[in-house]
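# Coordinates in review
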Amino acid sequence: MAESESGQDKTEEPTEKRRREAREKGQLPRSRELNTLAVLVAGAGGLLIYGASLADALMRLMRGSFELSRETVMNSDSMLQQLVAAAQIAGQGVWPILALLLVAALVGPVALGGWLFSAEALAPKFSRMNPLEGLKRMFSSKSLLELFKALIKFTVVLAVAVLVLKSDQDDLLAMAHEPMEQALIHCARVVGWSAFWLACSLVLIAAVDVPYQLWDNRQKLMMTKQEVRDEYKDSEGKPEVKAKVRQMQREMAQRRMMQAVPEADVVITNPTHFAVALKYDPEATGAPRLLAKGNDFMALKIREVAREHKVTVLESPALARAVYYSTELEHEIPAGLYLAVAQVLAYVYQLKQYQAGKGKRPGPMPDLPIPPDLRRDE
């Protein structure tokens, strides 16, 4: 079981954040054995598929290089032409195999772990230049494992190479008695199959190395319980920071709420413990909206702001409590309070008419109908 620098066991699966950070740093599972296998198989396949065309290109190259007339040899300008022609012939014979090798060299590394370009991984790290750290890496358990893998690979490849040479011994000797063109084609076929069997000898090593690299990368990303808790705190926010943020949000909401009180049509109070500010827009199709609400000290501030801006303040304890507990800020009042609030707004209208000298003084405000399900008694 892996341990962290603090000595705690890494028993927890890596989180998505940990995996994402590791990927940004270029920490992905990679298998050099898989890369080598891909390149060797591609090269062997290229020789088997394009070996005949490669042999034909070599024959044409040798003919063009050795069958020269005296005039061509004595003409310095023709030498450059011969060089260009030889390069074209060589390119025609080699480019299909080189293209296969290029594809294999690109596909092999990304077959395990996927494609990644990390600028952080390319950045120089001065810790790697420390001789002591280099000695540590040389004599680490991972270096010993790599040495053990290299010895196994050498042994397996050597054994397969000996078997291949023994099986191709007759073909190799027969090439000496074949015409040049036929010998070149025969040689390309023998080399192609030999390379293919040598590549196949690495299949077993790659089959062991790939799961090991996946396991090793997972072990490096494993986390301790404390690391998981710390990451959760960092992502969700520390409790004291979250509390501070909530406090600031409440203060901002209260400031916005107090700024909306002057726009209210009426403020209904308890009269001391609760206060709610309502606004009704006749041109809108909705019901009256709650602009502000508060209890105790905040209720006092709402009443003070309302009086400063000449907003009507009425006492209706039952309605104030009902609106306070049933309605959120900037939301419409529930349907059960429509009739009670309508009576309040009508009373406010009559009161304003009287204050403007256009009507009689209204009597006391009637009892308001509060549904039992919305009534909240202190």
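- Within an unreviewed UniProt entry, the label attached to the protein reads Flagellar biosynthetic protein FlhB, and the organism entered is Pseudomonas triclosanedens.
- Quoted verbatim from the Function (unreviewed entry) heading of the UniProt record, the comment on the protein is "Required for formation of the rod structure in the basal body of the flagellar apparatus. Together with FliI and FliH, may constitute the export apparatus of flagellin."
- The heading Sequence similarities (unreviewed entry) in the UniProt record of the protein holds the text "Belongs to the type III secretion exporter family."

### Remarks on the sheet that holds strand β3 (residues 289-295)
- Strand order in this open sheet of 4 strands is β3-β2-β1-β4, and the pairing throughout is mixed. This sheet does not close on itself; its edge strands, each paired only once, are β3 and β4 (312-315). Ignoring which end each strand starts from, the neighbouring axes of this sheet average 20° apart.
- Strand direction decides the pairing type here: strand β1 (residues 266-269) and strand β2 (residues 274-279), joined by 4 bridges, are antiparallel. Bridge pairing links I268 to V276 in β2.
- On the sheet, helix α13 (residues 297-308) packs against β1, β2, β3 and β4 and is oriented at approximately 130° with respect to β3.
- In this fold helix α15 (residues 338-355) packs onto β1, β2 and β4, with an angle of close to 130° to the strand it touches most, β4.

### Some thoughts on unusual backbone geometry
- Phi angles above zero are rare outside glycine, and D296 is one such case at about 55°.
- On the secondary structure map, D296 appears in the loop between β3 and α13.
- Using a relative accessible area of 47% as the deciding quantity, one classes D296 as partly exposed.
- Positive phi values are uncommon outside glycine, yet K310 reaches one of about 60°.

### Some thoughts on the packing of aromatic side chains
- According to the stated counting rule, one finds 7 aromatic pairs in the structure shown.
- Taken together, W193, F196 and W197 form an aromatic cluster joined through their ring pairs.
- Across from the ring centre of Y324, 5.0 Å away, lies the NZ or CZ of K293, which sits over that ring.

### Considering α15
- In a regular helix each residue adds 1.5 Å, so 18 residues correspond to 26 Å; α15 covers 26 Å between its end C-alpha atoms and thus fits that length.
- Listed as buried for α15 are A340, V341, V344, L345, Y347, V348 and L351. One side of α15 holds all its buried residues, which, seen down the axis, span an arc of 160°. Pointing more than 90 degrees away from the buried face of α15 are the exposed residues L339 and Y349.
- Those residues of α15 that are buried are in contact with β1, β2, β4 and α14 (317-326).
- G357 occupies a position one or two residues after α15 and carries a positive phi of about 75°.

### Observations concerning the nonpolar core
- Judged by nonpolar contacts, the single largest core of 25 residues is most densely connected at V266, I268, L278, L319, L337, V344 and I370.
- Taken together, the elements giving at least two residues each to this core come down to β1, β2, α14 and α15.
- Residues contacting V344, with those up to four places away along its chain left out, are V266, I268, L314, L319, M365 and L368.
- Counting 16 residues, the second-largest nonpolar core is a separate cluster that includes A260, A299, I302 and A306.

### Regarding the packing of helix α2 (residues 32-66) against helix α4 (residues 76-110)
- Running from amino to carboxyl end, α2 crosses α4 at an angle of 170°, the nearest separation of the two axes being 8 Å. Considering the angle they form, α2 stands roughly antiparallel to α4.
- In terms of residue class, the contact of α2 with α4 is built from 19 nonpolar, 8 polar and 1 charged.

### Some remarks on the pairing of β1
- Because side chains alternate across β1, one face comprises the buried residues V266 and I268, and the other comprises V267 and T269, equally buried.
- Hairpin connection from β1 to β2: 4 residues lie between these consecutive antiparallel strands.
- Note that β1 and β4 share 4 bridges and pair parallel. If you follow V266 over to β4, its bridge partner there is T312.

Conventions and cut-offs
Residues numbered from 1 in each chain as written. Predicted model: local features only at pLDDT ≥ 70, side-chain atom pairs only at ≥ 80, totals over all residues. Heavy atoms only, no water. UniProt positions renumbered as here; feature names shortened; annotations may be inferred. Pairing = 2+ DSSP bridges. Helix = DSSP H or I, 4+ residues; strand = E, 2+ residues; numbered from the N terminus. Axes fitted to C-alpha atoms, helices over the stretch in contact; angles between N-to-C directions. Contact = heavy atoms within 4.5 Å. Buried < 20%, exposed > 50% of the residue type's maximum accessible area, 1.4 Å probe, protein only. Phe/Tyr/Trp six-rings, centres within 6.5 Å; stacked < 30°, edge-to-face > 60°. Lys NZ or Arg CZ within 6 Å of the ring centre and 35° of its normal. Expected span 1.5 Å × (residues − 1). Arc of directions from axis to C-beta. Core = buried A, V, L, I, M, F, W, Y, C linked by side-chain atoms within 4.5 Å. Parallel < 35°, antiparallel > 145°, perpendicular 65-115°, else oblique. Nonpolar A, V, L, I, M, F, W, Y, C, P; charged D, E, K, R; others polar.

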